[in-house]
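This is what each chain is made of:
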Amino acid sequence: MLSVLHILRKTLVTEYYRLNTGFLFLVAMFAFGILRPEDHIALASYVFASPFLLALMGVVFALYHFKTVFFVRQRLLWDSHSFLYNLLLIAKPYRWAAWLYVQWMLWLPVALYVIFVGYYGWWTGQRLSVIATMIYLLLVPVTGVAAYEYRLQRPNPDTRLSIVTTYLNRRFNKPQWSYFILYLFSENPVLLFLTKGFSCFVVVGICKIYPTDSYDERLFSLGALTIGMVHSVLMLHLYEFEHLQLPLLRNMPMKMGQRLQQYGLLFVLMMLPEIVFLVRYMPVGLNWGYIWEWSLLVIGMLFLLFGRFLQKHYVMDTLLRQGFYAFFIGFFLIMFKVPTLILALGSWGIGLWLCHRFYYTSEYIIHQEGLKIRPEE
Amino acid sequence: MLQITNLHKSYGGHLVLQVPSLFLKEGIHWFKGANGSGKTTFFRTLAGMLPFEGEIKMGTWDIRKNPIDYRLHINYGEAEPDYPEFLTANDLIQFVAKAKKASQKQVDELIELLGIEPFLYQPSGTYSSGMLKKTSLAVAFLGQPKVIILDEPLITIDDATVQKVYELVQRYHAQGVTFLLSSHQDFRFEALPIKQLFEVKDKKITELPPPRGENDRH
């Protein structure tokens, strides 16, 4: 049994945390970088006192749970992980226990946070809410076990297409700029949903805060910077997607202008939700000219981030370090009142130059281990 | 046709291929080599898909100075194609056809010849390895290329499709297209007149004597 747990830990748990280091780091950075521990305790007491907020917290945790379940179920579809179907040979109670172990390991960040705030909630007298939250905390991973067991029992999911999808595939060719969006929807929907959800939340939050004090437009620029940083993980996915799944793009006889136009369309589409939210919740005192500048800035940041990936192959650790530096540089530029338009034009200019200069020299570096000659060769 | 000078290809500082000078004349060229010897890296580099040090020219077109002309005339068929699973064969073929300026007539012919029609509108995530291979072969023949690189063109496809590939190579070769092929199996030499045979080994590319039967023909 221990060897089974060891294999599951190595193939699923470690892999999950390795691939989601950036996501978890960003969540931790925003959760504990902005809010102090005492703010979390205060927030917890509000949440435990309000059934609505408690339900909302449950929804957020459920989203994280779906992310982990989706990850494991996707891995079970991979040929490289097909050996995991041998788990069917293990007696059910042991197998279920193994899945529960996997799900608990993936659920750990939520569990630790809930235990942390639950402890204070308990001592502030919100005992019923804390008990309900703990029951929720214990029950949710069980649904993961059911989801994995379902996949294990039905290893080949039905891939027949609906009449609508077949009709659409026959009627329309997918444009190049839509490839990455479709990739996110099909392979990383939770990451897409969380990223867009978070950055739209930032936009709405800033729009609500802006009229309450003597803030100026720098507040929105800081928001744009935050949104850009959050999108660095999506840009890493774009970089990987093009190199690993569409290497033929580099064999296509397309002018650099055409390529950049495709990226431009993609980035506009990606930032459309944030721009729509800004327009929808635009506070009094903000003019349309600034909305344009802000939109240019967030789109330009995507060019800048993607250009940096083309310039240098980043592993997640380096990306995080660079992200930190970039955030602080941006932060100081904004605080020293560098106009948003200048920041936007700077992002566009440097981003386009990086893309143009490094497009053909960019390479997805295989890990050094993969270069070693295998014994059979 | 293809002039390669001082080519150095490294991955993360680790040299994997070094070609001081190589001239590939018009014709069909066969590259042999064990797994991991660098064939695919060489092919992908020639196709403009990987960065490298050195010089590669097709006639007067330099891969760096004339990136559009060069890429318009060099096509590449992957050994083990792996496309985004939501794209259909039709999406891929139409996209490449547009970029490579292929006519709809040519697209229809390739789809019919390689038997792609039954799964043309299915997402590639549902394809078998043979279906993926057929799609990549169709993509490799689109447009008016001067050079077509086919990495392991015969793996994972059935015998009937192998014959179709021979047919296509012969037809395009008759029109003056140069082929760079790699294969673990011997090609049927009565079907394909191999002009030069190379071995990719120890980070080098060495020319070998022409395969048996070739000397009899020329």
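Only a predicted model underlies this, so the values are computations on that prediction, with no experimental measurement involved.

Participant: How do you make sense of the overall build of chain B when you look at a structure like this?
Facilitator: From N to C terminus, chain B includes 7 helices and 10 strands. Taken over the C-alpha trace, chain B has a radius of gyration of 17 Å; the compact-globule value for 218 residues is 17 Å, and the two agree within 12%. For chain B, the spread of C-alpha atoms along the three principal axes comes to 45 × 40 × 30 Å. By residue count, 58% of the 218 residues in chain B fall in the buried class.

Participant: Would you mind showing me how to read the overall build of chain A here?
Facilitator: Looking only at helices and strands, chain A has 15 helices and 0 strands in total. Relative to the compact-globule value of 21 Å for 377 residues, chain A shows a C-alpha radius of gyration of 23 Å, a close match. Dimensions along the principal axes, computed over C-alpha positions, put chain A at roughly 65 × 65 × 45 Å. Considering chain A as a whole, with its 377 residues, one finds that 45% of them fall into the buried category. For chain A, the computed accessible surface area is about 19900 Å², with 70% contributed by carbon and sulfur atoms.

Participant: I'm lost on the sheet that holds strand S1 (residues 2-11) of chain B in this one. Help?
Facilitator: Adjacent strands of a sheet form backbone hydrogen bonds with each other and so pair up, either parallel or antiparallel. Residues and elements named next belong to chain B. Spatial strand order, S2-S1-S4-S5: 4 strands in an open sheet with antiparallel pairing. Here the strands that pair on one side only, and so sit at the sheet edges, are strand S2 (14-24) and strand S5 (61-62). Note: strand S4 (residues 53-58) against S5, 2 bridges, orientation antiparallel. Residue pairing in the sheet places Met58 in a bridge with Trp61 of S5.

Participant: For this particular structure, what's the right way to read a nonpolar patch on the surface?
Facilitator: All names here are of chain A. Judged by side-chain polarity, Leu100, Tyr119, Tyr120, Trp122, Trp123, Ile131, Ile135, Leu139 and Val142 come together as a nonpolar surface patch covering roughly 870 Å² of accessible area. Top element by residues in the nonpolar patch is helix H5 (residues 92-123). It accounts for 5 residues. By relative accessible area, which is 48% here, Tyr119 ends up partly exposed.

Participant: Honestly, the domain arrangement of chain A in this entry has me stumped. Any pointers?
Facilitator: When the parts come together, some accessible area is lost, and that loss is often what is quoted as the size of the interface. When its domains are assigned, chain A resolves into domain 1 (1-159) and domain 2 (160-362). Averaged C-alpha coordinates put domain 1 of chain A and domain 2 of chain A at centres separated by 29 Å.

Calculation criteria
Residues numbered from 1 in each chain as written. Chains lettered and ligands numbered in written order. Predicted model: local features only at pLDDT ≥ 70, side-chain atom pairs only at ≥ 80, totals over all residues. Heavy atoms only, no water. Helix = DSSP H or I, 4+ residues; strand = E, 2+ residues; numbered from the N terminus. Rg over C-alpha atoms; globule rule 2.2 N^0.38 Å. Buried < 20%, exposed > 50% of the residue type's maximum accessible area, 1.4 Å probe, protein only. Areas by Shrake-Rupley, 256 points an atom, 1.4 Å probe, with all protein chains shown as cover. Pairing = 2+ DSSP bridges. Patch = residues over 30% accessible without salt bridge, like charges linked within 9 Å, V, L, I, M, F, W, Y side chains within 5 Å. Salt bridge = Lys/Arg side-chain N within 4 Å of Asp/Glu carboxyl O. Domains from an automatic or database assignment.

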